[in-house]
Amino acid sequence: MKVLVVGNGGREHALAWKIKQSPLLSKLYVAKGNAGIWKIAQKVDINPTDVEKLVDFAKREKINLTVVGPEQPLSEGIVDAFEKAGLKIFGHRKNAAILEASKVFAKNFMKKYNIPTAFYETFDNEDDAIEFIKKMGTPIVIKADGLAAGKGVVIANTEEEAVETVKSMFRGLFGEASKRIVIEEFLEGEEASYIAMVDGENLVPMATSQDHKRVFDGDKGPNTGGMGAYSPTPVITPEIEKQILEKIMYPTLKGMKAEGRPMRGFLYAGLMIGPKGINVLEFNVRMGDPETQPIMRRLRSDLLQHMIDILDGKIEQVTPQWSEDWSIGVVMASKGYPGKYEKGFEITGIDKAEKDPDIVVFHAGTDIKEGKIVTAGGRVLTVTATGKTLLEAKEKVYRAVEKIHFEGAHYRKDIGDKGLKRLHHL
Ligand SMILES: Nc1ncnc2c1ncn2[C@@H]1O[C@H](COP(=O)(O)OP(=O)(O)O)[C@@H](O)[C@H]1O
Ligand SMILES: [Mg+2]
């Protein structure tokens with residue numbers, strides 16, 4: 001079977017790495033990928049959002065399955081275009097991808113179907129938004145409606161900051177994406193990610209995980225695309241998982257179907273678990289990055305087979321098998337990220353780090369220049385380790401991280417600590 005993976009990040013490297021192990025695979029392609037993925041898949045020089053060219057390529061090469069990593073092509077209708085051309089593709093159609101692509105849609109949807117989420121209102125003008133901020137007080141959370149690559153949410157601690165944020169969003173900070181905004185109550189608690197494979201009505205849970213959105217240790221500094229993740233996460237106990245399924249995942253599938261927007265692909269609920277119970281911060285219509293990296297390290301069964309079965313309407317046959325090991329992924333980022341950063345620095349030490357068989361280094365923003373692997377993005381690598389315990393995985397992953405070098409590299413040193421605290425009642 002010929003498979004095409006669409007996307008350029010660490011998530012796509014982890015998906016490609018897993019698919020590569022499938023006995024069903026004959027040839028793997030990636031559009032466009034990165035220096036890590038190109039080692040295991042043939043590079044296709046087409047951007048992930050260049051849908052027409054991707055359709056042509058898939059037809060010409062007789063690709064049997066296309067797997068879409070990022071949200072952008074999904075929200076631009078890549079699945080609709082492939083289906084129209086009679087091509088198999090794993091991901092949501094445009095009318096379902098709106099659950100991620102519009103936070104206004106998602107919040108109104110959750111309200112309509114009684115899915116627990118922070119109290120909110122939506123706005124399309126400054127005056128009403130500012131009045132609401134004054135009424136609600138701070139801290140308060142302001143969210144651009146549309147896709148903003150993980151930068152569209154501001155947690156404002158003062159009224160002044162909140163008002164400034166609202167003004168800059170309406171004055172075009174994120175272009176079309178911030179013409180409308182959501183303002184919502186700040187929720188206390190611990191975040192977790194819950195991801196499942198869905199077929200419109202039913203679902204198959206993936207392993208649980210926890211991302212780390214802030215750039216610095218102790219959850220300080222601005223939000224990023226994600227600085228590290230581990231799996232499983234002890235914050236999602238079996239009892240909490242049961243509630244997530246009953247109160248969030250199934251009602252979401254049912255509601256979206258009732259709206260004429262059936263979901264098929266990965267469904268990701270970003271959760272806040274705290275004094276106000278389990279609340280949805282947002283939905284994503286794809287796997288998380290970096291959560292995918294540690295999750296794929298633990299998946300024992302055949303992801304490619306699972307995706308095919310779901311597309312063939314046989315979700316009841318899908319029973320993912322998970323390793324008992326713990327897994328951690330630590331993101332190594334360019335100096336300055338999530339702000340401005342430079343690219344083109346040579347990366348060394350990956351081979352050394354991967355000498356330990358429990359280490360896999362997934363690439364994100366990397367490229368090859370003059371035969372050398374160089375940095376080419378904000379998030380550069382996700383270094384992953386597995387271990388019999390969370391602590392063992394943590395010790396291993398940081399030993400590996402210390403072997404890898406590029407100018408200005410920075411990373412969080414506390415990935416996994418929240419889980420360790422919980423496990424050891426610290
Ligand atoms: N209501 C909220 N209360 C507290 N923190 C929040 C709230 N909403 C979002 N956040 C924080 O902001 C981050 C980004 O918000 P999210 O809704 O997931 O948007 P996106 O991932 O599109 O940037 C979350 O991971 C969480 O850390
Ligand atoms: Mg999020």
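Position numbers for residues count from 1 along each chain, tracking the sequence in the order it is written. For naming, the first written chain is A and the first written ligand is 1, with later ones following in the order written. Local features are withheld for residues below a pLDDT of 70 in this predicted model, meaning they are given only at 70 or higher, and side-chain atom pairs are given and counted only at 80 or more; totals for whole chains, interfaces and linings count all residues. Hydrogens and waters are ignored; side-chain quantities use all the structure's heavy atoms.

For the protein chain, the name recorded in an unreviewed UniProt entry is Phosphoribosylamine--glycine ligase, with Persephonella atlantica as its organism. UniProt positions are given in the numbering used here, feature names are shortened, and annotations may be inferred rather than shown by experiment. In its Catalytic activity (unreviewed entry) section, UniProt records this for the protein chain: "5-phospho-beta-D-ribosylamine + glycine + ATP = N(1)-(5-phospho-beta-D-ribosyl)glycinamide + ADP + phosphate + H(+)". Taken verbatim from the UniProt record of the protein chain, the Sequence similarities (unreviewed entry) comment is "Belongs to the GARS family."

Okay, the nonpolar core next. Ranked by internal contacts, the top residues of the largest apolar core, which has 50 residues, are Ile 78, Leu 99 and Met 249. Counting only domains with at least three residues in this core, you end up with domain 1 (2-93) and domain 3 (190-423). Beyond its immediate sequence surroundings of up to four residues, Leu 99 is in contact with Phe 105, Ala 106, Phe 109, Thr 252, Met 256, Met 263, Leu 267, Phe 283 and Val 285. Nine residue types can take part in a nonpolar core, namely buried Ala, Val, Leu, Ile, Met, Phe, Trp, Tyr and Cys, and a core is a set of them joined through side-chain atoms within 4.5 Å. Burial classes: relative accessible area under 20% of the type maximum marks a residue as buried, over 50% as exposed, and values in between as partly exposed (1.4 Å probe, protein chains only). Residues Leu 15, Ala 41, Ile 195 and Leu 299 belong to the second largest nonpolar core, which totals 34 residues. For each domain, the first and last residues come from an automatic or database assignment. Contact criterion: two residues are considered in contact whenever any of their non-hydrogen atoms come within 4.5 Å of each other.

Moving on, we come to helix α2 (residues 51-60). Those residues of α2 not exposed but buried are Val 51, Leu 54, Val 55, Phe 57 and Ala 58. Looking down the long axis of α2, one finds its buried residues gathered within 165° of arc, a one-sided arrangement. Facing away from the buried surface of α2 by more than 90 degrees, the exposed residues are Glu 52 and Arg 60. Every helix listed is a DSSP run of H or I at least four residues long, and every strand listed is a run of E at least two residues long, numbered separately from the N terminus. Where α2 is buried, its residues meet β1 (2-7), β2 (27-32) and α4 (78-84). Lys 62 sits one or two positions beyond α2 and adopts a positive phi of about 50°. This arc describes the spread of directions from the helix axis toward the C-beta atoms.

What follows covers the packing of helix α7 (residues 126-136) against helix α8 (residues 159-170). The contact between α7 and α8 brings their axes to 10 Å, and the two run at 160°. Relative to α8, α7 is oriented roughly antiparallel. Crossing geometry of α7 relative to α8 is assigned as right-handed. The residues of α8 that touch α7, namely those facing Glu 126, Ala 129, Ile 130, Ile 133 and Lys 134, are Glu 159, Ala 162, Val 163, Val 166, Lys 167 and Phe 170. Of the residues assigned to the contact of α7 with α8, the class counts are seven nonpolar, no polar and four charged. Note on geometry: axes are lines fitted to C-alpha atoms, helical ones only across the stretch in contact, with angles between N-to-C directions running from 0 to 180 degrees. Here the angle decides the label: under 35 degrees means roughly parallel, over 145 means roughly antiparallel, 65 to 115 means roughly perpendicular, and every other value means oblique. Should the near helix be turned anticlockwise from the far one by less than a right angle, the crossing is left-handed, and should it be turned clockwise, the crossing is right-handed. Under the scheme applied here, ten amino acids are nonpolar (Ala, Val, Leu, Ile, Met, Phe, Trp, Tyr, Cys and Pro), four are charged (Asp, Glu, Lys and Arg), and all others, including Gly, are polar.

Moving on, we come to the site of ligand 1. When we say a residue is near a molecule or strand, we mean one of its heavy atoms is within 4 Å of it. What surrounds ligand 1 is a group of 17 residues, the closest being Lys 103, Lys 143, Glu 184, Glu 191 and Glu 282. Pairs of N or O atoms within 3.5 Å make up the polar contacts considered here, provided that, within protein, one atom can donate a hydrogen while the other can accept it, and that residues adjacent in sequence are counted only when both atoms are side-chain atoms. Contact between ligand 1 and Lys 143: an oxygen atom at 2.8 Å from a side-chain N or O atom of the residue. Between ligand 1 and Glu 191 there is a distance of 2.4 Å, counted from an oxygen atom to a side-chain nitrogen or oxygen. Here ligand 1 loses 91% of its free accessible area of 550 Å² to cover by the protein chains. Of all the secondary-structure elements, those providing two or more residues to the shell around ligand 1 are β7 (140-144), β8 (153-156), β9 (181-185) and β17 (277-284). Looking at the shell around ligand 1 residue by residue, the classes come out as eight nonpolar, two polar and seven charged. Only the protein chains shown count as cover for residues, and the accessible areas themselves come from Shrake-Rupley with a 1.4 Å probe.

Below, the discussion takes up α7. Of the residues making up α7, those classed as buried are Glu 126, Ala 129, Ile 130, Phe 132 and Ile 133. Each buried residue of α7 sits inside an arc of 160° when the element is viewed along its axis, so together they form one side. Projecting away from the buried face of α7 at angles above 90 degrees are the exposed residues Asp 127, Glu 131, Lys 134 and Lys 135. The elements touched by buried residues of α7 are β6 (120-123), β7, α8 and β9. N-cap assignment for α7: the residue whose side-chain oxygen lies 3.2 Å from the backbone N of Asp 127 is Asn 125. Once α7 finishes, Gly 137 follows within two positions and takes phi at roughly 80°, a positive value.

Within a sheet, neighbouring strands are paired by backbone hydrogen bonds and run either parallel or antiparallel to one another. Pairing within the open sheet is antiparallel, and its four strands lie in the order β6-β9-β7-β8. Unpaired on one side and paired on the other, β6 and β8 mark the two borders of the sheet. Going across the sheet, the axis of each strand differs from the next one's by a mean of 20°, ignoring polarity. Pairing between strands is defined by DSSP: at least two bridges between them are needed. Relative to β9, β7 runs antiparallel, the two sharing five bridges. Along β9, the bridge assignment pairs Lys 143 with Val 182.

This next bit is on the domain arrangement of the protein chain. Parsing the protein chain into structural domains produces domain 1 (2-93), domain 2 (125-179) and domain 3 (190-423). Put simply, the middle of domain 2 and the middle of domain 3, counted by C-alpha atoms, are 28 Å apart. Taken together, the contact between domain 2 and domain 3 spans five residues of the former and five residues of the latter. Ranking the residues of domain 2 by area buried against domain 3 places Lys 143, Gly 150 and Lys 151 at the top, with a combined share of 66%. A carboxyl oxygen of Asp or Glu within 4 Å of a side-chain nitrogen of Lys or Arg is what we treat as a salt bridge. Our count for the contact surface shared by domain 2 and domain 3 stands at zero salt bridges. Inspection of the domain 2/domain 3 interface yields one residue pair in polar contact (both at pLDDT 80 or more). Class assignment for the residues of the side of domain 2 that touches domain 3 results in two nonpolar, one polar and two charged. Accessible area, probed at 1.4 Å, shrinks when two parts are joined; the buried area is that loss added up over both.

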